[in-house]
Amino acid sequence: MKHLKRNLPPMTSIIAFEAAARHGSFKDAAKELNVSRVAVSRQVRNLEEYLGILLFERDANSAVLMELGRSFYQVISANLWAIAEKSSEIAGTVPPEVEDQPLAEAADFDAERARVLLVDDREENLDHISGLLGSRYDILTAGNGADALQIIHSEPLDLVLLDVCMPDLDGFEICRRIKAVGATETLPVMFLTALDSPADETKGLECGASDFISRPIVPGVLRARIKTQLDLRQTQKTLEKVLKRRGDRLQRLEDMLDKMEAQIQAFRSG
């Protein structure tokens, strides 16, 4: 995203002028902006000096918008309100029904339809875990590391349940490869293994796994810990959507400021 230095007058001067032009009065503008009439006058004077023209005709008690002032008001008013609205959205002060839409998507997430890959070289283990989870999730299986990686890089997944001791690639290496690729690095991995030493658990977590469960498996505990990982993943996706939306809004704000700068410079040149 670009952040170029703009040749714009101070935004405080533009805001003071817009309020004064809209109300037709420095006094009313000051009341709206919660500043003194003198402050409004000073900001408008700064803007006039920047533009090199008079926007208001003044006497001791009043200020009347001049023809050039009306023309400049037409240049900046629509842009200024659009910029103010976009700034409010970025700051998070937009109405909840707009800003909270991605969070509502999180509430609607159906964990029952999550896609879970089971990786184990023993068919009986695949059958056992599939039986425990098959009614709740869409289950995919792989009997070796190569097949697992092929599925991981070609299928949309929400979680990988991974054995450690396998003949081709062990689970630790598979986990490292998952975490080494940008497209899959956030995919949660849980180890389900016969290994039960603290050293093995530490190694698994250092590889990037989110959890390490030793056999024998307690079904209720497994389901609860899977649910925790799926909830965390959905929260992460939701936050990514919120950040992307705010990034898009910031870019649109940058574009609006660029447009207003171009219009002001064209006004000065004219």
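Being a predicted model, the structure only gives us computed values, none of them experimental.

The helix and strand inventory of the protein stands at 11 helices and seven strands. Per-residue burial over the protein gives 40% buried out of 270 residues. The contacts in the protein between residues at least 6 apart in sequence include a share of 64% that link residues at least 24 apart. If you sum the accessible surface of the protein, you get close to 14,500 Å²; carbon and sulfur atoms cover 53% of it.

This part is about helix 7 (residues 123-133). Within the sequence span of helix 7, burial applies to N125, L126, I129, L132 and L133. Considered in projection along helix 7, the buried side chains sweep an arc of 135° and stay on one side of the axis. Seen from the open side of helix 7, the exposed residues pointing more than 90 degrees away from its buried face are E123 and G131.

Enumeration according to the criterion identifies 15 salt bridges in this entry. One salt bridge connects R22 with E32, and the closest N-O pair in it is separated by 2.8 Å. A residue pair is termed long-range when its members are at least 10 positions apart, and R22 in helix 1 (residues 11-23) and E32 in helix 2 (residues 26-33) qualify at 10 residues. Residue R22 is classed as partly exposed on the basis of its relative accessible area, which comes to 33%. Notably, a salt bridge pairs E124 with R122, separated by 2.6 Å at the nearest N-O pair. Beyond isolated ion pairs, a larger network of salt bridges with shared partners links E18, R22 and E32.

Caution applies to low-pLDDT parts of the model: their predicted coordinates are not meant to be read in detail. For the protein, the mean per-residue pLDDT works out to 84, and 84% of the residues sit at or above 70. By mean pLDDT, the top-scoring element of the protein is strand 5 (residues 159-162) (98), and the lowest-scoring one is helix 5 (residues 96-99) (44). Every residue in residues 93-100 scores below 50 in pLDDT, and together they form 12 contacts with partners more than four places removed in sequence or on other chains. Counting contacts from residues 102-112, a segment whose pLDDT is below 50, to residues more than four positions away or on other chains yields 18 contacts.

Cut-offs and rules
Residues numbered from 1 in each chain as written. Predicted model: local features only at pLDDT ≥ 70, side-chain atom pairs only at ≥ 80, totals over all residues. Heavy atoms only, no water. Helix = DSSP H or I, 4+ residues; strand = E, 2+ residues; numbered from the N terminus. Buried < 20%, exposed > 50% of the residue type's maximum accessible area, 1.4 Å probe, protein only. Contact = heavy atoms within 4.5 Å. Areas by Shrake-Rupley, 256 points an atom, 1.4 Å probe, with all protein chains shown as cover. Arc of directions from axis to C-beta. Salt bridge = Lys/Arg side-chain N within 4 Å of Asp/Glu carboxyl O. pLDDT = per-residue confidence, 0-100.

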